[in-house]
Amino acid sequence: MTSHVALMALFSLFVSVVFATLMRDEPRDQALFGLRLFGGFMAAGIVIGWLLYPLPL
Amino acid sequence: MRADAADRVEPATNKYLIAVLAWAIPGAGHLLLGRRQKGVTFLITLTLMFAAGLWLEGRIFPLGFDLTQPLVGLAAIADLGIGIPYFVAKFMGHGAGQVTAITYEYGNAFAIVAGLLNMLVVLDAWDIAEGRK
């Protein structure tokens, strides 16, 4: 697997699951918080990616 | 004979034992403390994340602090945070790190972050054992 987006999604999934499990006790709260975290990671990654797009790297 | 406060032996060693086990096996601390769902989640997620790092050709950084390469030492400490899987992977010859692989840096990030997350899990288990949570 060499897709940047897929690897970012996999990384976000792992981190979201661990943080949600750490910070919430009820499974329903964990699921909701985990989904919000995952969405936040993905959105932030895509937004930052587009902001960096014009830079000559 | 009634035992006064000074005679009471607190199970302080349990906290340390739980912390060591929580470090060695991701999620073991929570399992020992009766938090089965959290323990199983940590065990599966952190082990998979570390394994994904190896699968992506990441490197398991060697212990031993070289002052000329301080970041390697810090990465090794972070890798070591995952506990026994670190040594199992080394023993099985994984984690050599393929620098030319396109996923090399991703693999490093997965393995390092898995170790760091397990350190957070150890702290959480410690807080539970202390009665703070």
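Residues numbered from 1 in each chain as written. Chains lettered and ligands numbered in written order. Predicted model: local features only at pLDDT ≥ 70, side-chain atom pairs only at ≥ 80, totals over all residues.

A. Molecular detail of the overall build of chain B. Along its length, chain B carries 6 helices and 0 strands. Along chain B, helices and strands appear, N-terminal first, in the series α-α-α-α-α-α. For chain B, whose C-alpha radius of gyration is 18 Å, the value lies well above the compact-globule estimate of 14 Å for 133 residues. Dimensions of chain B, computed from C-alpha atoms along their principal axes, come out at roughly 70 × 35 × 25 Å. With 133 residues in all, chain B has 42% of them scored as buried. A separation threshold of at least 6 residues defines the contact pool for chain B, and within that pool the share at least 24 residues apart is 71%. (Helix = DSSP H or I, 4+ residues; strand = E, 2+ residues; numbered from the N terminus. Rg over C-alpha atoms; globule rule 2.2 N^0.38 Å. Buried ≥ 20, exposed ≤ 12 C-beta atoms within 10 Å, placed from the backbone. Contact = placed C-beta atoms within 7 Å.)

B. Spatial organisation of the overall build of chain A. Along chain A, the regular secondary structure elements total 2 helices and 0 strands. Relative to its length of 57 residues, chain A is extended, with a C-alpha radius of gyration of 14 Å against a globular reference of 10 Å. Considering only C-alpha atoms, chain A reaches an extent of 45 × 25 × 15 Å along its principal axes. Evaluated residue by residue, chain A yields a buried proportion of 16% over its 57 residues.

C. Seen up close, the interface of chain A and chain B. With 11 residues of chain A at the contact, the number on the chain B side is 18 residues. With 9 residues, helix α1 (residues 4-23) of chain A is the single largest residue contributor to the side of chain A that touches chain B. Here the side of chain A that touches chain B is built from residues that sort into 9 nonpolar, 2 polar and no charged. (Nonpolar A, V, L, I, M, F, W, Y, C, P; charged D, E, K, R; others polar.)

D. Focus on unusual backbone geometry. Positive phi outside glycine occurs at glutamate 57 of chain B, with the angle close to 70°. Mapped onto the fold, glutamate 57 of chain B is located in the loop between α3 (36-55) and α4 (70-80).

E. The arrangement of α1 of chain A in detail. Counted at 1.5 Å a residue, the expected span for α1 of chain A with its 20 residues is 28 Å, and the 28 Å between its end C-alpha atoms agrees. Buried within α1 of chain A are the following residues: Phe14, Val15, Ser16, Val17, Val18, Ala20 and Thr21 of chain A. Buried positions along α1 of chain A lie against α2 (27-52) of chain A together with α3 and α6 (104-130) of chain B. (Expected span 1.5 Å × (residues − 1).)

F. Just the packing of α1 of chain A against α2 of chain A, in detail. Residue and element names in this part refer to chain A. α2 packs onto α1 with a crossing angle of 145° between their chain directions and a minimal axis gap of 8 Å. α1 and α2 meet at a crossing whose hand is right-handed. In contact with Met8, Ala9, Ser12, Leu13, Val15, Ser16, Val17, Phe19, Ala20, Thr21 and Met23 of α1, α2 contributes Gln30, Phe33, Gly34, Leu37, Phe38, Phe41, Met42 and Gly45. Of the residues assigned to the contact of α1 with α2, the class counts are 13 nonpolar, 6 polar and no charged. (Axes fitted to C-alpha atoms, helices over the stretch in contact; angles between N-to-C directions. Left-handed = near helix turned anticlockwise from the far one by under 90°.)

G. The confidence of the model for chain B, seen in detail. Residues and elements named next belong to chain B. With 90% of its residues at a pLDDT of 70 or more, chain B has an overall mean of 88. Here residues 1-12 is a poorly scored stretch, pLDDT under 50, and it has 1 contact once near neighbours within four places are set aside; other chains count. Interface confidence in the predicted complex, given as ipTM, is 0.89; pTM for the same model is 0.88. (pLDDT = per-residue confidence, 0-100.)

H. Representation of the nonpolar core in the model. Grouped together as the largest cluster of nonpolar side chains are 37 residues, with contacts concentrated most on Leu46, Phe110 and Ala114 of chain B. At the level of secondary structure, the elements contributing two or more residues to this core comprise α1 of chain A together with α1 (12-24), α2 (28-32), α3, α4 and α6 of chain B. Here leucine 46 of chain B is in contact with Val18 of chain A together with Pro26, Ile82, Ala114, Leu117 and Asn118 of chain B, once residues within four sequence places are set aside. (Core = buried A, V, L, I, M, F, W, Y, C linked by C-beta atoms within 7 Å.)

I. Quick peek at the environment of glutamine 30 of chain A. As for its position among the elements, glutamine 30 of chain A is in helix α2. Ignoring any residue separated from it by four or fewer positions in sequence, one finds glutamine 30 of chain A in contact with Ala20, Thr21 and Arg24 of chain A.

J. Representation of the packing of α4 of chain B against α6 of chain B in the model. Residue and element names in this part refer to chain B. At a closest axis distance of 6 Å, the pairing of α4 and α6 adopts a crossing angle of 60°. Looking at the two axes, α4 sits oblique to α6. With respect to the hand of their crossing, α4 and α6 are arranged in left-handed fashion. Contact residues: Ala75, Ala78, Asp79 and Leu80 in α4; Ala111, Ile112, Gly115 and Leu116 in α6. (Parallel < 35°, antiparallel > 145°, perpendicular 65-115°, else oblique.)

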